[in-house]
Amino acid sequence: MNELEEQANALLQTLVELPFESCASITREFRSLPLAPGLYAVRHREHGLLYLGKAKKLRERFRGGHKACTWAWLDNYDHRDIAISFIPLMMADVLKLGDELEGILIHATKPPYNAQYPSRN
């Protein structure tokens with residue numbers, strides 16, 4: 001396992017092991033999410049990980065609409081059972097490593113709401 005994969009695994013553990021009650025709730029304005037860049041996971045209280053992603057501005061990523069929230073609604077999930085865990089990152093890290101980190105995380109976990117799983121070369 002290389003250094004980036006080790007970093008991705010540590011980030012994944014943080015995203016999925018954060019107690020559900022400590023995650024950001026689904027709200028109209030998403031004020032509990034920072035405007036900072038970072039990695040995030042949309043999680044269901046009982047079913048676990050639904051979607052993984054990265055954003056340059058976490059709050060704006062959700063305020064503009066997000067397919068994971070729409071799909072959760074279509075799957076008849078109660079919005080109180082959906083939450084967002086996140087890890088703020090430096091913008092330089094998002095720009096430099098974001099796509100590769102995101103790809104490693106998605107490939108390793110295959111969340112059901114991520115439409116495609118990036119291939120690992």
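A.B. asks: I would appreciate a short explanation of the overall build of the protein in the present structure.
C.D. replies: Helix and strand counts for the protein stand at four helices and four strands. Ordered by position from N to C terminus, the α and β elements of the protein give α-β-β-β-α-α-β-α. For 121 residues, the compact-globule formula gives about 14 Å, and the C-alpha radius of gyration of the protein, at 14 Å, lands near that figure. The principal-axis extent of the C-alpha atoms belonging to the protein is close to 40 × 25 × 25 Å. Expressed as a percentage of its 121 residues, the buried residues of the protein come to 40%. The long-range fraction of contacts in the protein, counting pairs at least 24 apart against all pairs at least 6 apart in sequence, stands at 70%. Counting every atom, the protein has about 7100 Å² of accessible surface; 50% of that belongs to carbon and sulfur. Taking the average place of the 15 positive charges on the side chains of the protein and the average place of its 15 negative ones, the gap between the two points comes to 8 Å.

A.B. asks: Hey, could you run me through the pattern of salt bridges in this one?
C.D. replies: Pairing is possible between side chains of opposite charge, provided their charged atoms come close. Enumeration over the complete set of coordinates arrives at six salt bridges. Residues Arg 45 and Glu 21 are paired through a salt bridge, measuring 3.6 Å at the closest nitrogen-oxygen approach. Here Arg 45 is found in the loop between strand 2 (38-44) and strand 3 (48-55), whereas its partner Glu 21 is found in the loop between helix 1 (3-17) and strand 1 (24-25), with 24 residues between them in sequence. Since its relative accessible area comes to 40%, Arg 45 is described here as partly exposed. Residue classification places Glu 21 among the exposed residues on the basis of a relative accessible area of 64%.

Conventions and cut-offs
Residues numbered from 1 in each chain as written. Predicted model: local features only at pLDDT ≥ 70, side-chain atom pairs only at ≥ 80, totals over all residues. Heavy atoms only, no water. Helix = DSSP H or I, 4+ residues; strand = E, 2+ residues; numbered from the N terminus. Rg over C-alpha atoms; globule rule 2.2 N^0.38 Å. Buried < 20%, exposed > 50% of the residue type's maximum accessible area, 1.4 Å probe, protein only. Contact = heavy atoms within 4.5 Å. Areas by Shrake-Rupley, 256 points an atom, 1.4 Å probe, with all protein chains shown as cover. Lys, Arg positive; Asp, Glu negative; His and termini not counted. Charge placed at Lys NZ, Arg CZ, Asp CG, Glu CD. Salt bridge = Lys/Arg side-chain N within 4 Å of Asp/Glu carboxyl O.

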